[in-house]
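Commentary on secondary and tertiary structure
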Amino acid sequence: MDSPQPARRDPAMDPPAAAALMDELVEEVLIRVPPDDPATLVRATLVCKRWCRLIAGASFRRRFRELHPRPPMLGYLYRRRDGTDFVPTSFRLPHAVCEGWSVLDARHGRVLVVDLAELALIVWDPVTDDLRSLPTPWFPLSMGNMVLLCATANCDHRDCRGGPFLVVAAGGFGESHALADIYSSEQGTWSELITEMQHFNGRDRLGTLVRGTLVGNAIYFNYKRSTKILEYELGRQELSIIYLPSAFHSWHIVLMEADDGVLGFATVQDSKLCLWAREAGVDGHVGWAQRRVIELDKLLPVPDCNRSAPLDVYASASPPPFVVAVADGIHVIFLWAGDELFSIHLKSSRVEKIGEFISDVAVVPYMSFCTPVLDMVSTGNEGPKVDASSVSQT
């Protein structure tokens, strides 16, 4: 009698194959963690060494970025008289301490600040704490405003860490000239001044409390108490002036990128948040059109929303509501009302109170991907030793 044959073993049930299959399933779950919740990924790295290595791997970070097209807002920076504070919206960054610095701009994972003691420009990565000092531009920092942006060609801005960058400084000289100066990290120097003759009046000044805006291949700065917007075209390296509707003279506006990638702005009028954008008419002439109106008295839990906000109202004891910042790409607007700071999510109309009264109105959203890195894995029977604050910008 023939002896029974041993059962054929399914190769898929071999321990290495089963472990690989489990890794694939875990990765499929974890790449769907919302990008504005990096703390969940940090906790997942503490489960076991395999999960720690998986999440810290380049493949996971690449797939995570591909699945989530826009970097999330990890928090915002607001400017005080003696420095800058970072306020996290979901996850406290390990290096977000800004004593003695004044924030100017943040974009593509980096922050541009001024060291108040040295009056020196610094480009800073809050995730890695990398710093790069910049030489002083040709004109004083107090004369204009600055925008920081990635300089990598054809970049999708999901992984700009360590790449080249530009700083565009713009300002005015006297009552007849607009100026621009460009710093390139690849060249390590500022360019020659770019000037444009303009007919300004004595009150035209670039708004130093509201940062400039990048839309397409151009940067825009708004003027205080004026209907003028200064445009700098990156490709042609040219300056020009765009005019707001005349009704917005002396109004507090914040420039933004509209949904379809054109220049827009947000402002408050008569208890309404109004969103405008540049549009081409039937005759081909480009002008301004109001696209959306949101009733603030139905959203904000504060009294006295029925006043309008010209530019200089934040100097008063009890200012009416006004827009202070826009997080481009994720449809979030920051607005002061009743001595409190609120965020309004335009897609859902969800309102969140995110701060009490702060002495200054300069608010700069910070957006970046953030995933844990493998700090140290034990060689014994312990789990992975990962610092919960150890994260990587991706």
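Residues numbered from 1 in each chain as written. Predicted model: local features only at pLDDT ≥ 70, side-chain atom pairs only at ≥ 80, totals over all residues. Heavy atoms only, no water.

Labelled according to an unreviewed UniProt entry, the protein appears under the name F-box domain-containing protein, originating from Urochloa decumbens.

Remarks on the packing of helix H3 (residues 49–56) against helix H4 (residues 58–67)
How we decide: Structural elements are reduced to axes, namely lines fitted to C-alpha atoms, with helices fitted over the stretch in contact, and the angle between N-to-C directions of any two is expressed from 0 to 180 degrees. Only DSSP runs of H or I reaching four residues or more are called helices, and only runs of E reaching two or more are called strands; each is numbered from the N terminus. Throughout this description, any angle smaller than 35 degrees is read as roughly parallel, any larger than 145 degrees as roughly antiparallel, any in the 65 to 115 degree range as roughly perpendicular, and the remainder as oblique. Contacts between residues were defined by any pair of non-hydrogen atoms, one from each residue, lying within 4.5 Å. Any residue outside Ala, Val, Leu, Ile, Met, Phe, Trp, Tyr, Cys, Pro, Asp, Glu, Lys and Arg is labelled polar, Gly included; the first ten of those are nonpolar and the last four are charged.
Relative to each other, H3 and H4 sit at 55 degrees, their axes nearing to 4 Å. One finds that H3 runs oblique with respect to H4. Seen from H3, the contacting residues are Leu-54, Ile-55 and Ala-56; seen from H4, they are Ala-58, Phe-60 and Arg-61. Looking at side-chain class alone, the contact of H3 with H4 contains five nonpolar, no polar and one charged residues.

Observations concerning the sheet that holds strand S22 (residues 322–327)
Condition: Pairing between strands is defined by DSSP: at least two bridges between them are needed.
On the basis of which strands lie adjacent, the open sheet formed by four strands has the order S22-S23-S24-S25 and antiparallel pairing. A single partner strand is all that each edge strand has here, and the edge strands are S22 and strand S25 (350–355). Ignoring which end each strand starts from, the neighbouring axes of this sheet average 25 degrees apart. Pairing of S22 with strand S23 (residues 332–337), which is carried by five bridges, proceeds in the antiparallel orientation. Opposite Ala-325, over in S23, you have Phe-334 as the bridge partner.

Some details on the packing of aromatic side chains
What counts, and what does not: For this analysis, a ring pair means two rings from Phe, Tyr or Trp (six-membered ring only for Trp) whose centres lie within 6.5 Å, classed as stacked if their planes differ by under 30 degrees, edge-to-face if by over 60, and tilted for the remaining angles. The classification of residues rests on relative accessible area computed with a 1.4 Å probe and restricted to protein chains. Under 20% of the type maximum is buried, over 50% is exposed, and intermediate values are partly exposed.
Taken as a whole and judged by the stated rule, the model has eight aromatic pairs. When the ring of Phe-165 is compared with that of Tyr-183, the centres are 6.2 Å apart and the planes differ by 35 degrees; the resulting orientation is tilted. With Phe-165 in strand S9 (residues 165–173) and Tyr-183 in strand S10 (residues 177–184), this pair connects stretches of sequence that are 18 residues apart. Neither residue differs from the other here; Phe-165 and Tyr-183 are each classed as buried.

Some words on unusual backbone geometry
Within the chain, Asp-270 stands out as a residue other than glycine whose phi angle is a positive 50 degrees. When you line up the elements, Asp-270 lands in the loop between strand S19 (263–269) and strand S20 (272–280). Within the chain, His-331 stands out as a residue other than glycine whose phi angle is a positive 60 degrees. Topologically, His-331 is positioned in the loop between S22 and S23. The class of His-331 is partly exposed, set by a relative accessible area of 22%.

Some words on the nonpolar core
As a reminder of what qualifies: Nine residue types can take part in a nonpolar core, namely buried Ala, Val, Leu, Ile, Met, Phe, Trp, Tyr and Cys, and a core is a set of them joined through side-chain atoms within 4.5 Å.
Judged by nonpolar contacts, the single largest core of 18 residues is most densely connected at Leu-149, Val-168, Ile-219, Leu-230, Tyr-232, Leu-234 and Leu-239. For this core, the secondary-structure elements that each account for two or more residues are strand S8 (144–150), S9, S10, strand S15 (218–224), strand S16 (228–233) and strand S17 (238–243). For Leu-239, the contacting residues outside a window of four places in its chain are Ala-178, Leu-179, Ala-180, Ile-194, Thr-195, Glu-196, Leu-230, Glu-231 and Tyr-232. If you look at the next biggest cluster of nonpolar residues, it comprises 17 residues, including Val-254, Ile-333, Phe-342 and Leu-346.

Re the UniProt feature "domain: F-box" (unreviewed entry) in the protein
How we decide: UniProt positions are given in the numbering used here, feature names are shortened, and annotations may be inferred rather than shown by experiment.
Mapped onto this structure's residue numbering, the UniProt feature "domain: F-box" (unreviewed entry) falls at residues 23–61. Measuring from the first to the last C-alpha atom of residues 23–61 gives 15 Å, for a span that is 72% helix and 0% strand.

Some thoughts on the sheet that holds S19
Pairing is antiparallel across the open sheet formed by four strands, whose spatial order is S18-S19-S20-S21. Sheet topology places strand S18 (254–257) and strand S21 (286–295) at the edges, where each strand pairs with a single neighbour. When the angles between neighbouring strand axes are averaged without regard to direction, this sheet yields 30 degrees. For S18 and S19, the ladder comprises four bridges, and the chain directions are antiparallel. What sits directly across from Glu-257, in S19, is Leu-263.

Overview of the pairing of strand S24 (residues 340–345)
Counting buried positions along S24 yields six of six residues, so the element is predominantly enclosed. Along S24, one buried face is formed by Glu-340, Phe-342 and Ile-344 and the opposite face, lined by Leu-341, Ser-343 and His-345, is buried too. As paired elements, S23 and S24 share six bridges and run antiparallel to each other. Counterpart to Ile-333 in the pairing with S24 is Ile-344. Counting the residues in the hairpin turn of S23 and S24 gives two residues, including Gly-338, whose phi is positive at 60 degrees. In the sheet, S24 pairs with S25 via five bridges, with the strands oriented antiparallel. Within S25, the residue paired with Ile-344 across the bridge is Val-351. Here S24 folds back onto S25 in antiparallel fashion, the turn holding four residues, of which Ser-349 has a positive phi close to 60 degrees.

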